[in-house]
Amino acid sequence: MSMSFSSFSVSFSESSFIRPASLCQTPAKVSLRSFPDAVDNCHSLTSGRLVCYGGAGNFCKRFYGLRIWILESLNLRRRNRKYGPANEFKSIRSQEKDHLTNHLETISSCEGQVIHVQNDSSETTRTTPQPEENSSPNYQHDVPVEVVTSMEFEAVLQTHSSSFSFEGSKAPSLCIAVIGATGELARRKIFPALFALYYSGFLPENIGIFGYSRKNLTEEEMRSILASTLTCRIDHQQNCGDKMDAFLRRIYYLNEGYDNRYGMSKLNARMEQIEGDSEANRIFYLSVPQEALLDVASSLASNAQTQKGWNRIIIEKPFGLDALSSYRLTQSLLTKFKEKQIYRIDHLLGRNLIENLTVLRFANLVFLPLWSRTYIRNVQVILSEDMGVQAGRYFDGYGIIRDIVHSHILQTIALLAMEPPISLDGEDVRNEKVKVLRSIRKLEPSDITLGQYKASSGDKVDVCLNSLTPTYFAAALYIDNARWDGVPFLIKAGLGLIKHRVEIRIQFHHVPGNLYRKCLGHNFDLASNELILRDAPEEAILVRVNNKIPGLGLQLDSPELNLLYKDKYKVEVPDSYEHLLLDVIDGDNHLFMRSDELAAAWNILAPVLREMDKKNIVPELYELGGRGPVGAYYLWAKHGVPWPED
């Protein structure tokens, strides 16, 4: 007997068919719509019902055995994560009846039966032995079998369509291991993001989540620690407690000390124990210090990768100290993993603002022809943090250049300035990004301003910073290509400033021969059209335009037309880790740095880093909670760009 389910698989509930006491001695309800061999043996028709004897009874035995195998084997896998579980479920409900009624075929064979189950792009073939004719003492040829019409069978499908479960079999189809599970990043960001995805239905119900660290904890103790950090968003309140309990039950914990090779072998054994014999994919999140990264990654590659699916690893920034150390790290990783397996994560790239860059550019005709040196005068990328955000524990060794500028700022510029990719495929987008990075002129000391906030022990912030570690960086970048030649890209990133602000400001040229110049006032720069993409303090898209003030006379104003997200969209914006983790699961890598992007970014910053290492550049001190070093104002003026209001 052969069965084919194209595109999806379905779990039959026990009540879908009447179970006979001994195979087919009692009536069993099945549809003969797609079983011509069985129909040949049906000899009477009474009130719309067929009564089958002989060979149809043999058919019933085969079908019942197949049903038992389906109940044990079929696993419903999630599809179309990007569009959410609701759309997926609608798709399944609309297709399940057609698939079950149109794709059942029988073939007579006394030797055996072959069952094909197709799920997405994979297909499994299983051969089961066919019992010899009359081998069962309870089997009888001439016991009547009641068969319902196809109309009744469709009614059965309609009745049970709402009971199909997303969970499928108990063995997980995806396992995620968090290495360094007891660290602050894992507890505060990674596990809460995984729970939010689990609640929303973007993770399989039967997912396996593994925590690995050196702390001596039991699984229950680990679950208790994580329970205190998990919360439900405002729009995730329904059944929150039940979902949280189910999520915590899917978490497993291992502590194997300082021997990473032995520890990864134990992790692999535990994962295989949970996975069973089913196919399962694995994601490894390496939330570990830089000095431990290579040893952990090497041990993982040799001892913990699955052979029954794909493997992906997530690496946290910073990605080296400079071009040389980053190159060595990259080469070491590429000896163990393929490039497509490595996801270098920067949580700031998971913000909605970043994803909106390409949407605004390539989905709006009003902006598409304006995106070049012909119309754009300058671009400013601003990331200023107030006193509420402190330098991290590792910050003293890396500073703001290695922590924020190298990845987040330069990636933002690459997405903003790149040529249209041939598709939204991750590799196509990364191909265009790396072209921009290679076109950016190397920074010289005269193009930058460094700063460091002055803090005392009473300011409730870190005061252990090295005297040369910058907490503020401003620079003017130029992209030497046909689209952006001569357009300054000014960047400002700093901690301990007066205001928390994250935005991109795109300022356009003045209107040539403007007829209303005299009506615009003394500061003509304020009359420039401007597009502002703001992420903080409130996410918004603003467009500055010139218009007439109502009333007598002719006075012009330059207000901002705004799309304020909180007013337009009554939803809570997911955390950036949720966005990026889902991208890793889906294999979407366009927001993750490839090795050549990494090298190109370090090449831009190399001259400045060398001068800093030689102590030829000294950070300028600025007041904590102030506007930053004075040198940044002069840098803006040097390149003819008005300073953005603080």
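Position labels on residues start from 1 in each chain and follow its written sequence. With pLDDT at 70 or above as the cut-off, local features in this predicted model cover only qualifying residues; side-chain atom pairs require 80 or more to be listed or tallied, and sums for whole chains, interfaces and linings still use all residues. Remark: hydrogens and water are excluded; side-chain values derive from all non-hydrogen atoms of the structure.

### So, the overall build of the protein chain
Secondary structure elements follow DSSP: runs of H or I of four or more residues count as helices, runs of E of two or more count as strands, with numbering from the N terminus. Of regular secondary structure, the protein chain possesses 17 helices and 24 strands. Under the scheme applied here, a residue whose accessible area is under 20% of the maximum for its type counts as buried, over 50% as exposed, and between as partly exposed, the area being computed with a 1.4 Å probe on protein chains only. Residues classed as buried in the protein chain amount to 51% of the 646 residues present. Computed with the Shrake-Rupley method and a 1.4 Å probe, the accessible areas treat only the protein chains shown as cover for residues. If you sum the accessible surface of the protein chain, you get close to 30300 Å²; carbon and sulfur atoms cover 52% of it.

### Focus: the packing of helix α9 (residues 290-303) against helix α10 (residues 323-334)
Note on definitions: angles span 0 to 180 degrees between N-to-C directions of axes, and those axes are lines fitted to C-alpha atoms, for helices only across the stretch in contact. Contact geometry for α9 and α10: axes closest at 10 Å, N-to-C directions at 20 degrees. Comparing the axis directions of α9 and α10 gives the class roughly parallel. The way α9 lies across α10 gives a crossing that is left-handed. In this structure, α9 contributes Gln290, Leu293, Leu294 and Ala297 to the contact, and α10 contributes Leu329, Ser332 and Leu333. Should an angle lie under 35 degrees it is considered roughly parallel, over 145 roughly antiparallel, and from 65 to 115 roughly perpendicular; all remaining angles are considered oblique. Take the far helix as your reference; a near helix turned counterclockwise from it by less than a right angle gives a left-handed crossing, and one turned clockwise gives a right-handed crossing. By the convention used here, residues are in contact when the closest approach between their heavy atoms is within 4.5 Å.

### Some points on a nonpolar patch on the surface
Patches were defined on residues exceeding 30% relative accessible area and lacking a salt bridge, with like-charge contacts within 9 Å and nonpolar side-chain contacts (Val, Leu, Ile, Met, Phe, Trp, Tyr) within 5 Å. By salt bridge we mean one thing: a side-chain nitrogen of Lys or Arg within 4 Å of a carboxyl oxygen of Asp or Glu. On the surface, a cluster of nonpolar side chains totalling about 360 Å² of accessible area is made up of Leu515, Tyr516 and Leu554. The topology assignment puts Tyr516 in the loop between β18 (501-508) and β19 (530-536).

### Notes on α10
Taking 1.5 Å of rise per residue, the 12 residues of α10 would be expected to cover 16 Å, and the 16 Å separating its terminal C-alpha atoms lies within 8% of that figure. Taken together, the buried positions of α10 are Ser326, Leu329, Thr330 and Leu333. In an axial view of α10, the angular spread of the buried residues amounts to 100 degrees, which keeps them on one side of the axis. Looking at α10, the residues exposed on the side facing more than 90 degrees away from the buried face are Tyr327 and Arg328. Sitting at the amino-terminal end of α10 is Asp322, which places a side-chain oxygen 3.3 Å from the backbone nitrogen of Leu324. To estimate the expected span of a helix, count its residues, drop one, and scale the result by 1.5 Å. This arc describes the spread of directions from the helix axis toward the C-beta atoms. Residues adjacent in sequence count toward polar contacts only when both atoms are side-chain atoms; beyond that, a polar contact is any pair of N or O atoms within 3.5 Å, and within protein one must be able to donate a hydrogen and the other to accept it.

### What about the state of the cysteines?
In plain terms, two cysteine sulfur atoms within 2.5 Å form what is called a disulfide here. According to the stated counting rule, one finds one disulfide in the structure shown. The disulfide partner of Cys232 is Cys240, and the S-S distance across this bridge is 1.8 Å. Disulfide Cys232-Cys240: torsion about the S-S bond near 90 degrees, hence right-handed. The same class applies to Cys232 and to Cys240, which are both buried.

### Structural notes on the confidence of the model for the protein chain
What pLDDT conveys is the predictor's confidence in a given residue, as a value from 0 to 100. Mean pLDDT over the protein chain works out to 77, with 69% of the residues at or above the 70 mark. Between residues 1-64, whose pLDDT stays under 50, and residues either more than four places distant or in other chains, the model counts 173 contacts. Across residues 74-169, confidence stays below pLDDT 50; counting only partners more than four residues off in sequence or on other chains, it has 200 contacts.

### What about the sheet that holds strand β20 (residues 540-544)?
Two strands pair if DSSP finds at least two bridges between them. A sheet is described by the order of its strands in space; here nine strands give the open sequence β23-β20-β19-β18-β14-β17-β16-β15-β24, paired in mixed fashion. Edge positions in the sheet fall to β23 (560-564) and β24 (620-623), since each of these pairs with one other strand and no more. Adjacent strand axes in the sheet meet at a mean angle of 15 degrees, parallel and antiparallel pairs treated alike. Of the strand pairs in this sheet, β18 and β19 are connected by six bridges, and their pairing is antiparallel. The partner of Arg505 across the bridge, within β19, is Ile532. Lying on the sheet, helix α11 (residues 352-362) is in contact with β18, β19 and β20; it crosses β19 at an angle near 155 degrees. Of the strands in this sheet, β14 (376-384), β15 (448-454), β16 (472-478), β17 (488-494) and β24 are in contact with helix α17 (residues 631-638), which crosses β16 at around 10 degrees.

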